Amino acid sequence: MLQLLQKRIKKTKFATVLQTFNIKIMCGIVGYIGKRDAYPILIKGLHRLEYRGYDSAGVALINSKQELKVYKAKGKVADLEHAVESKDVSGTIGIAHTRWATHGEPNQVNAHPHYSESEELAIIHNGIIENYAVLKQGLMKHGYSFKSETDTEVLVQLIEYIKTTDKTDLQTAVQLALNQVVGAYAIVVLDRNNPDEMVAARKGSPLVVGIGEDEFFLASDATPIVEFTNKVVYVGEQEIVHLQRGKEISIRTIGNVVKTPEIKKLEMTLSQLEKGGYPHFMLKEIFEQPTTLATSMRGRVNIEHNNITLAGFIDNKEKFLNAKRIIITACGTSWHAGLIGMYAIEEFARIPVVVEYSSEFRYRSPVINEDDLVIAISQSGETADTLAAIELAKSHGAFIFGICNVVGASIPRAAHSGCYTHVGPEIGVASTKAFTAQVTVLTMLALMIGKEKGTLSDERYLQIVSELAKIPEKISETLKQDDRIAEFAKTFTYAQNFIYLGRGYNYPIAMEGALKLKEISYIHAEGYPAAEMKHGPIALINQEMPVVVIAPQCGTYEKVVSNIQEIKARKGRIISIVTNGDTVVRDMSDYSICIPETEECLVPLLAAIPLQLLAYHIAVVKGCDVDQPRNLAKSVTVE
Ligand code: G6P
């Protein structure tokens, strides 16, 4: 048996070398084995994972008669619950899945779990099996037939084929099968003949095991686990986990090396996963920002001594001080945070910075040098393009500093060093509190580098740090305008387009405001540098066009005032974000939202708040699904 295993491993070594980070999908996995009824735990877990984005759901359970039942439904988890209303959902072992379609359309047949040919095994899978077509052909020659169009069904059939022809146990069959697979996966497999065990494995897609009293939980992230246990094991790359009733968790690698499980304590709490009285997670997360930013700064910004200590920077000071260039790479909202980081690092630390979309960076043969420092930013820590950008930069010898929110995610593990944003789980698909924390961390970093390099005077450093410490309080003040924003948001539900304008630090904020509106209200919106407007977008302005202008009284204020006049002259409808006490811009605007005065580099942290609220309220009035907007996923693990 061992010989056979080694032979197979050798044969497929090339496949292992070809491991890529660009081929994962954002499905959700939940599993349970223990003494309780599995079904309610699995369904609750699927609900917790809904934020990730999906289009069908399914569950598999082994009941006391040793029957393996699989139920699936297109649509939401609620549709699955409805579909199983009169079915047998008993059993203390089970797996469940939310699928975001890649191979095959989102329908009931393609939904997971998938049975094997004999219906003795069932599998759930996140990821893509790249060589599924070849494997499928081989299995068809051996008489296997396929019900779905998925790559996943091929994998479960392969496991069954190996299990029966080699007369081996489930864990070994999974191991042998995975040695033939090219691609990425997190999988969990059930075997009707062995109702006291389940086997899971990971390569590329995240997987967490929760350890309870005589029970185990499995999930794509810790959110389905947190209410049952705070002891978790993050499954490592290419590891296979064997969970058996009444036994300890056991782990070995696909290459057959036994591993000692590292049990970690979860910091997440259940209340962080609930709406806490708010109608949507997004609104809750917007309102959490005074607290989350204070948490993000806690232990880092010393208010008494106006000092910043960021361990990730201190540990790698030389890397930062000697960097000839900083490359920031990220996607979506995190990319916008990166742009603000560029303004701050260049202003305070005088190091040239480029900000790259990870998806472009990884494919355009960029010049990366050993004295480049790469900052990779990601809320989820699982974004496939950003992970691939990290791997590319690493292969050129660059030092990678990660900024991430989800503890233990793939990006912090792939980076050489970094720091967490510490804002707790962000459930709303449209990022809010994670964004302001990313900007805060980048600002702290820029200030520390500047101070150490001597490119920022002590006096300015102290002024800005003291202002930074006041930001949570100033966000609280800004949030008081929520009712007014909700009121005037109703006026703009007619709009099909929006323009957002800003200059300097507020140009990325204009783009972020536009992105928020697009994501959740489905209104087309463009974020533009205010002065560029006259080179094109001005042609779009008429009495129908709402133009959001970020016009705080600092930096290029006078110039922004001129830009507003240009819009006014063309009868555009102006919504302005102004500094408390401003009357000039307010008088020119249809609606104005005031933010407290602060340092120019910190304005984005305040200006982001009304823009988040504006997008939120417009989406609510339009009746959109704010927390789970169509076609979007929270964790984009597909390229
Ligand atoms: C998705 C989300 C965005 C997010 C982007 C990057 O598109 O919908 O809100 O900004 O991914 O995600 P990351 O987790 O890497 O920050």
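Now for the overall build of the protein. In terms of helices and strands, the protein carries 23 helices and 27 strands. In terms of C-alpha radius of gyration, the protein reaches 26 Å, essentially the compact-globule figure of 26 Å for 639 residues. Here the C-alpha coordinates of the protein stretch approximately 80 × 55 × 45 Å along the principal axes. The buried share among the 639 residues of the protein stands at 61%.

A few words on the packing of aromatic side chains. Under the counting rule described, the total for this entry stands at 14 aromatic pairs. Taking 5.2 Å as the distance between ring centres and 80° as the angle between the ring planes, the aromatic pair formed by Phe320 and Phe401 counts as edge-to-face. Here Phe320, found in helix 11 (residues 317-322), pairs with Phe401, found in strand 21 (residues 399-404); they are 81 residues apart in sequence, far enough to count as distant. The exposure classification of Phe320 matches that of Phe401, with both residues buried. Each ring, one from Tyr343 and one from Tyr505, has its centre 5.5 Å from the other, and the planes form 40°; the classification is tilted. In this pair, Tyr343 is assigned in helix 12 (residues 332-349) and Tyr505 in the loop between strand 23 (497-502) and helix 20 (506-521), connecting sequence segments 162 residues apart. Given a relative accessible area of 5%, Tyr505 falls into the buried group.

In the vicinity of the ligand there are 13 residues, among which Ser334, Ser378, Gln379, Ser380 and Thr383 approach most closely. Calculation on the ligand without its partners gives an accessible area of 390 Å², and the protein chains cover 90% of this total. By residue number, the principal contributor to the shell around the ligand is helix 12, which donates three residues. Taken together, the residues of the shell around the ligand sort by class into four nonpolar, eight polar and one charged.

Below, the discussion takes up the sheet that holds strand 13 (residues 250-253). The strand order across the open sheet formed by seven strands is 5-6-7-8-12-13-14, and the pairing between neighbours is antiparallel. The open sheet is flanked by strand 5 (114-115) and strand 14 (258-259), the only strands paired with a single partner. The pairing of strand 12 (residues 239-244) with strand 13 spans four bridges and is antiparallel. The residue of strand 13 that forms the bridge with Val241 is Ile251. Of the strands in this sheet, strand 5, strand 6 (121-129) and strand 7 (183-191) touch helix 6 (residues 151-165), which is tilted by about 130° from strand 6.

Now for the side chain of Glu153. Among the structural elements, Glu153 can be located in helix 6. Despite its burial, Glu153 pairs with no opposite charge, the nearest such side chain being Lys147 at 5.1 Å. In terms of polar contacts, Glu153 uses its side chain to reach the backbone amide nitrogen of Ser148, at 2.7 Å. Every residue in contact with Glu153, bar those within four places of it in the chain, is listed here: His114, Tyr115, Ser145, Phe146, Lys147 and Ser148.

What follows is about the pairing of strand 13. Here strand 12 hands over to strand 13 after five residues, with Gly246 in that stretch at a positive phi of 70°. Direction of pairing for strand 13 relative to strand 14: antiparallel, over a ladder of two bridges. If you follow Ile251 over to strand 14, its bridge partner there is Lys259. Taking the residues that link successive antiparallel strands as the turn, the strand 13-strand 14 hairpin has four residues, and the phi of Asn256 there is positive, at about 80°.

Bringing the nonpolar core into the picture now. Ile326, Ile375, Phe498, Tyr500 and Leu614 are the most contacted members of the largest nonpolar core, which totals 96 residues. Looking at which element gives the most residues to this core, the answer is helix 23 (residues 603-621), with 13 residues. In this structure Ile326 touches Ile345, Ile351, Pro352, Val353, Val354, Leu373, Ile375 and Ile449, once residues within four positions along its chain are discounted. Core analysis: the next-biggest nonpolar cluster, separate from the first, contains 31 residues, Ile41, Ala57, Leu61 and Phe281 among them.

Turning our eyes to something else, we now look at unusual backbone geometry. Between His112 and Pro113 the backbone carries a cis peptide bond, its omega angle lying at 0°. The residue Arg350 is not glycine, and still its phi comes out positive at about 55°. Looking at the secondary structure, you find Arg350 in the loop between helix 12 and strand 19 (353-357). On the basis of relative accessible area, Arg350 is assigned to the exposed category, the value being 57%. Backbone geometry places Ser365, a non-glycine residue, at a positive phi of 50°. Relative accessible area serves as the criterion here: at 66%, Ser365 is assigned to the exposed category.

This part covers the sheet that holds strand 23. One open sheet holds the five strands; their spatial order is 24-23-25-26-27, and the pairing between them is parallel. Where the open sheet ends on each side, the last strands, each with one partner, are strand 24 (524-529) and strand 27 (591-595). The average undirected angle you get between the axes of adjacent strands in this sheet is 15°. As paired elements, strand 23 and strand 25 (residues 546-551) share three bridges and run parallel to each other. Paired with Ile499 across the two strands is Val547, which belongs to strand 25. Relative to strand 27, helix 19 (residues 482-489) is tilted by about 160°, and along the sheet it contacts strand 26 (573-579) and strand 27.

So, on to the pattern of salt bridges. In total, this model carries 27 salt bridges according to the counting rule given. Here Arg36 makes a salt bridge to Glu215, at a shortest N to O gap of 2.7 Å. One end of the pair, Arg36, is in the loop between strand 1 (28-33) and helix 3 (38-48); the other, Glu215, is in the loop between strand 9 (208-211) and strand 10 (216-219), and 179 residues separate them in sequence. Under the relative-accessibility criterion, Glu215 is labelled buried at 7%. Close ionic contact of Arg460 with Glu599 constitutes a salt bridge, the shortest N to O distance being 2.9 Å. A residue pair is termed long-range when its members are at least 10 positions apart, and Arg460 in helix 17 (residues 458-469) and Glu599 in the loop between strand 27 and helix 23 qualify at 139 residues. Arg460 gets classed as partly exposed once you look at its relative accessible area, which sits at 29%. In this structure, a network of salt bridges that share partners links the residues Lys44, Arg48, Glu227 and Glu274.

Rules used in this analysis
Residues numbered from 1 in each chain as written. Predicted model: local features only at pLDDT ≥ 70, side-chain atom pairs only at ≥ 80, totals over all residues. Heavy atoms only, no water. Helix = DSSP H or I, 4+ residues; strand = E, 2+ residues; numbered from the N terminus. Rg over C-alpha atoms; globule rule 2.2 N^0.38 Å. Buried < 20%, exposed > 50% of the residue type's maximum accessible area, 1.4 Å probe, protein only. Phe/Tyr/Trp six-rings, centres within 6.5 Å; stacked < 30°, edge-to-face > 60°. Near = heavy atom within 4 Å. Areas by Shrake-Rupley, 256 points an atom, 1.4 Å probe, with all protein chains shown as cover. Nonpolar A, V, L, I, M, F, W, Y, C, P; charged D, E, K, R; others polar. Pairing = 2+ DSSP bridges. Contact = heavy atoms within 4.5 Å. Axes fitted to C-alpha atoms, helices over the stretch in contact; angles between N-to-C directions. Lys, Arg positive; Asp, Glu negative; His and termini not counted. Salt bridge = Lys/Arg side-chain N within 4 Å of Asp/Glu carboxyl O. Polar contact = N/O pair within 3.5 Å; in protein donor to acceptor, adjacent residues only side chain to side chain. Core = buried A, V, L, I, M, F, W, Y, C linked by side-chain atoms within 4.5 Å.

Coordinates in, geometry out; function isn't part of it.
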